[in-house]
Amino acid sequence: MTQELIIGGIVSVAFTRRTMGIMFTSIYDILGKNGADALLYNAGRNVGRAFVEKEKEITKSENIELLNKCIQIDIDAGFGKFEYNVDFNKFEGEVKLYDSFLAKSWIEFTKKKQEYPVCAFLAGYIAGIIESTFRKKVVVEEKECIALGNKLCLFEVKKHIFGD
Amino acid sequence: MKKELLDNILNDLKNVVSIEASAIVTRSGLLISADLPQNMGGETFAAMSATILGAAETATLEMKKGVPERVVITTEEEKIITVGAGEKALLVCITSDPNLELVLEELEKAAEKVEKIL
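Residues numbered from 1 in each chain as written. Chains lettered and ligands numbered in written order. Predicted model: local features only at pLDDT ≥ 70, side-chain atom pairs only at ≥ 80, totals over all residues.

Enquirer: Give a detailed account of the interface of chain B and chain A, specifying residues and quantitative values.
Expert: Counting from both sides, the interface comprises 16 residues of chain B and, opposite them, 14 residues of chain A. It is helix 2 (residues 42-62) of chain B that contributes the most residues to the side of chain B that touches chain A, 10 residues altogether. In the side of chain B that touches chain A, the residues fall into 6 nonpolar, 6 polar and 4 charged. (Contact = placed C-beta atoms within 7 Å. Helix = DSSP H or I, 4+ residues; strand = E, 2+ residues; numbered from the N terminus. Nonpolar A, V, L, I, M, F, W, Y, C, P; charged D, E, K, R; others polar.)

Enquirer: Go over the environment of Glu 92 of chain A, please, and point to the residues and values.
Expert: With respect to the helices and strands, Glu 92 of chain A occurs in strand 4 (residues 92-98). For the pair formed by Glu 92 of chain A and Val 138 of chain A, sequence separation is 46 residues and the distance between their alpha carbons is 8.5 Å.

Enquirer: Hey, could you go over the sheet that holds strand 5 (residues 89-95) of chain B for me, with residue numbers and the actual values?
Expert: Residues and elements named next belong to chain B. In space, the 5 strands of this open sheet follow the order 2-1-5-4-3, with antiparallel pairing throughout. The open sheet terminates on both sides in strands that have one partner only, identified here as strand 2 (31-35) and strand 3 (70-74). Between one strand axis and the next, the sheet turns through 10 degrees on average, direction left out of account. As paired strands, strand 1 (residues 19-26) and strand 2 are joined by 4 bridges and run antiparallel to one another. Bridge pairing in strand 2 places Ser 22 opposite Asp 35. Across the sheet, helix 3 (residues 100-117) touches strand 1, strand 4 (79-85) and strand 5, and the angle it forms with strand 4 is around 35 degrees. (Pairing = 2+ DSSP bridges. Axes fitted to C-alpha atoms, helices over the stretch in contact; angles between N-to-C directions.)

Enquirer: Lay out the nonpolar core in plain terms, naming residues and giving numbers.
Expert: Within the largest apolar cluster, 73 residues are counted, with the highest numbers of intra-cluster contacts made by Cys 119 and Ile 126 of chain A together with Ile 24, Val 25, Leu 91 and Val 114 of chain B. Ignoring sequence-local partners within four residues, the contact set of Cys 119 of chain A consists of Ser 100, Leu 102, Ala 103, Glu 142, Cys 145 and Cys 153 of chain A. (Core = buried A, V, L, I, M, F, W, Y, C linked by C-beta atoms within 7 Å. Buried ≥ 20, exposed ≤ 12 C-beta atoms within 10 Å, placed from the backbone.)

Enquirer: Explain the pairing of strand 2 of chain B to me, using residue names and the numbers behind them.
Expert: Counting buried positions along strand 2 of chain B yields 4 of 5 residues, so the element is predominantly enclosed. Between strand 1 of chain B and strand 2 of chain B, which pair antiparallel and follow one another directly, the connecting turn spans 4 residues, one of which, Gly 29 of chain B, has a positive phi of 95 degrees.

These results come straight from atomic positions and should not be treated as a statement about function.
In structure tokens:
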């Protein structure tokens, strides 16, 4: 049996940035920007929701405390450094992500700036995290992206038209 | 306000042709308005519709055949029809109406209204 990679007590797998870049650019090549954004946002949201539900179960924490635990795990896992500047009464605001692993993967593989933001998976992931933590539906849209040449990836958070 | 107007478009559509489910979705797969059966997952339906239309666009552009006007998926019982509604959205419906021409015509009209609102 091959040796498993264990990170934080969880069986994990590791990909190089180049591999991530190939995977994600291939999805965009086949589905186009809109199709890939739709697929990856949805996938990211499901991952975010599942992650929060698991953390909730393990840590028994809620709301901001739960969110902060999740943010720290993401930072430790190498997703990048998240900064949530969101009003959790209105569910409006922004999330800054420094060193997005996804945007950096694109650059690593393509060696050039992109024409559009590439972190739809992470936009969905942030939406899933907020939705599962606070039980409110939100829409998250990437406004700036390292892959576009910006210094960081900036995600706008808005309350979903369907509310709860 | 916009949400009400968009909901009305889906209601009007259902009054003209036989529609089992319909939704207005952003091009990137977010649900804006929907008239779906309770057992249907709106979010997944929305994401799938946008993904299918996106893939169809990539395919036709790759073949240098322009932008697809619509995607029609035909099953034994029904058709799933997706049409673009301007740059921002798309309109998708599930129908078993035998008069496909009429459905397409009404869908195009509805899509134009959606485009104007958004």
